[in-house]
Amino acid sequence: MPEYLEKTVDKFTFRVATDRLYSSEGMWVSLVQPGAPGRVRIGLTDFMQQRSGDVAFVSVKVPGTRLSAGDDFTEMETIKVNLSLPAPVGGTVVEVNEALELTPEVVNRDPYGNGWLAVVETARWEADRARLLDPGAYFSLMQSQVEQELEKP
Amino acid sequence: MSDDRREVVVVPCSGIGKPYGTVSREAAYELCDKLRPRDTRLVALAKLVLGDQEARQRVRASPAITIDGCKLMCASKLVQHSGGTVAREIAVLDVYRRNKGLKPEGLAELNEQGQKLARVLAEELAEAVDEIGRGGTPPGGSHA
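Residues numbered from 1 in each chain as written. Chains lettered and ligands numbered in written order. Predicted model: local features only at pLDDT ≥ 70, side-chain atom pairs only at ≥ 80, totals over all residues.

(A) Focus on the interface of chain A and chain B. Contact residues are listed per partner, giving four residues for chain A and seven residues for chain B. Residues belonging to the side of chain A that touches chain B are distributed by class as follows: three nonpolar, no polar and one charged. (Contact = placed C-beta atoms within 7 Å. Nonpolar A, V, L, I, M, F, W, Y, C, P; charged D, E, K, R; others polar.)

Pasting the structure below:
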């Protein structure tokens with residue numbers, strides 16, 4: 001079980017798991033086998049899923065798709081918005097979470113666990129990793145995004 | 001409705017300002033005013049929130065269908081909190097997932113797809129009303 005950094009605002013608590021890395025767009029990345037670069041699992045952060053609302057549909061690039069970091073990776077439709085999020089790392093999609101087809105709400109229920117999106121065989125892990133945020137840095141970014149949300153009329 | 005059938009109370013969410021909340025209310029009107037007017041009675045969620053005695057009595061006396069616009073499921077929770085029995089609870093989002101082309105948009109007035117989604121939902125709930133009237137438990141129920 002990962003540990004979390006948490007920020008509570010009003011009735012909402014946003015968690016950042018401390019055992020993985022993050023993109024500034026609100027995706028998390030973790031090694032499928034800790035300590036063994038190669039395959040990474042990718043998902044949506046808790047803050048991103050709460051801000052976006054209940055997920056209606058998710059589509060992720062199919063297995064076999066080759067991606068560069070920043071390429072279109074997943075599209076989500078929620079009760080609030082349509083999201084298009086970029087790949088946080090480059091490589092080849094090797095697995096997509098089958099649960100997303102019938103129970104996309106798993107992204108909301110368990111964003112850091114069963115709500116993962118896909119597994120990618122990385123092409124340039126060391127270079128991509130250098131661009132990702134550690135949990136503390138993402139937590140700071142998230143806090144500033146939360147404050148921006150609070151300032152909206 | 002024949003006299004031996006039970007009246008069903010219908011409680012839509014009050015998600016004012018959100019398309020899915022509007023769908024829940026439009027579906028409730030379609031169900032209670034057009035599809036099953038003799039079998040159903042609409043109860044406003046706001047009255048349950050305010051503790052209105054007549055509304056509370058109604059949900060205690062009859063099985064309830066709740067229609068919620070989001071996963072907070074306020075209508076379902078309020079019925080249970082008021083001492084009622086939820087015979088069928090449904091989330092608009094789940095119906096939309098089964099009808100992907102019917103994306104609801106608009107607040108005061110739904111777009112055409114949203115209106116169709118409300119009708120699809122109402123027809124689904126009409127079947128649930130019939131099932132409850134026959135004494136059965138429809139899919140998705142029940143919570144006391």
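(B) A look at the sheet that holds strand β8 (residues 72-78) of chain A. Residues and elements named next belong to chain A. Spatially, three strands are ordered β6-β8-β9 in an open sheet, and the strand pairing comes out antiparallel. Each edge of the sheet is formed by a strand with only one pairing partner; in this case those strands are β6 (55-60) and β9 (82-86). On average, adjacent strands in this sheet sit at an angle of 15 degrees to one another, irrespective of strand direction. (Pairing = 2+ DSSP bridges. Helix = DSSP H or I, 4+ residues; strand = E, 2+ residues; numbered from the N terminus. Axes fitted to C-alpha atoms, helices over the stretch in contact; angles between N-to-C directions.)

(C) Geometry of the nonpolar core. Counting residues in each nonpolar core, the largest one holds 41 residues, and the members touching the most others are Val10(B), Val11(B), Ala27(B), Ile65(B), Val92(B), Leu121(B) and Leu125(B). Examining the composition of this core, we find that eight residues originate from one element, helix α6 (residues 112-133) of chain B, more than from any other. Not counting residues up to four positions away in its chain, the partners in contact with Leu121(B) are Val23(B), Ala27(B), Val92(B) and Val95(B). Ranked by size, the runner-up nonpolar core spans 36 residues in total, among them Leu21(A), Leu44(A), Val120(A) and Phe139(A). (Core = buried A, V, L, I, M, F, W, Y, C linked by C-beta atoms within 7 Å. Buried ≥ 20, exposed ≤ 12 C-beta atoms within 10 Å, placed from the backbone.)

(D) Up close: the pairing of strand β4 (residues 27-31) of chain A. All names here are of chain A. With two bridges connecting them, strand β3 (residues 21-22) and β4 associate as antiparallel partners. Looking at the pairing, leucine 21 lines up with valine 29 of β4. Note: β4 against strand β5 (residues 39-44), five bridges, orientation antiparallel. Along β5, the bridge assignment pairs serine 30 with arginine 41.

(E) Spatial organisation of the sheet that holds strand β3 (residues 63-68) of chain B. All names here are of chain B. Strand order in this open sheet of four strands is β2-β1-β3-β4, and the pairing throughout is parallel. This sheet does not close on itself; its edge strands, each paired only once, are β2 (40-42) and β4 (85-91). For this sheet the average axis-to-axis angle between neighbouring strands, irrespective of direction, equals 25 degrees. Examined bridge by bridge, β3 and β4 share six bridges and lie parallel to one another. By the bridge assignment, threonine 66 is partnered in β4 with glutamate 89. Across the face of the sheet, helix α1 (residues 19-35) comes into contact with β1 (8-12), β2 and β3 while running at roughly 155 degrees to β1.

(F) Broad picture of the environment of Glu54(B). Tracing the backbone through its elements, the reader meets Glu54(B) in helix α3 (residues 53-61). Distance from Glu54(B) to Met73(B), taken between C-alpha atoms, is 22 Å for residues 19 residues apart in sequence.

(G) Representation of α6(B) in the model. Residues and elements named next belong to chain B. Between the first and last C-alpha of α6 there are 31 Å, a value that for 22 residues agrees with the 32 Å anticipated at 1.5 Å per step. When α6 is considered as a whole, its buried residues turn out to be Gly114, Leu117, Ala118, Leu121, Ala122, Leu125, Ala128, Val129 and Ile132. In a view along the axis of α6, the buried residues occupy a sector of 135 degrees, so they form one face of it. Contact partners of the buried residues in α6: β1, α1, β2, β3, β4 and α5 (92-97). Once α6 finishes, glycine 135 follows within two positions and takes phi at roughly 95 degrees, a positive value. (Expected span 1.5 Å × (residues − 1). Arc of directions from axis to C-beta.)

(H) Examining unusual backbone geometry more closely. Unlike most non-glycine residues, Asp10(A) shows phi in positive territory, near 55 degrees. Counting through the fold element by element, Asp10(A) comes out in the loop between β1 (4-9) and β2 (12-17). Under the C-beta neighbour-count criterion, Asp10(A) is labelled exposed, with 6 such atoms within 10 Å. For Met73(B), which is not glycine, the phi torsion reads 50 degrees and is therefore positive. Tracing the sequence through the fold places Met73(B) in the loop between β3 and α4 (74-81). In this structure Met73(B) comes out as partly exposed when scored by C-beta crowding, with 19 C-beta atoms within 10 Å.

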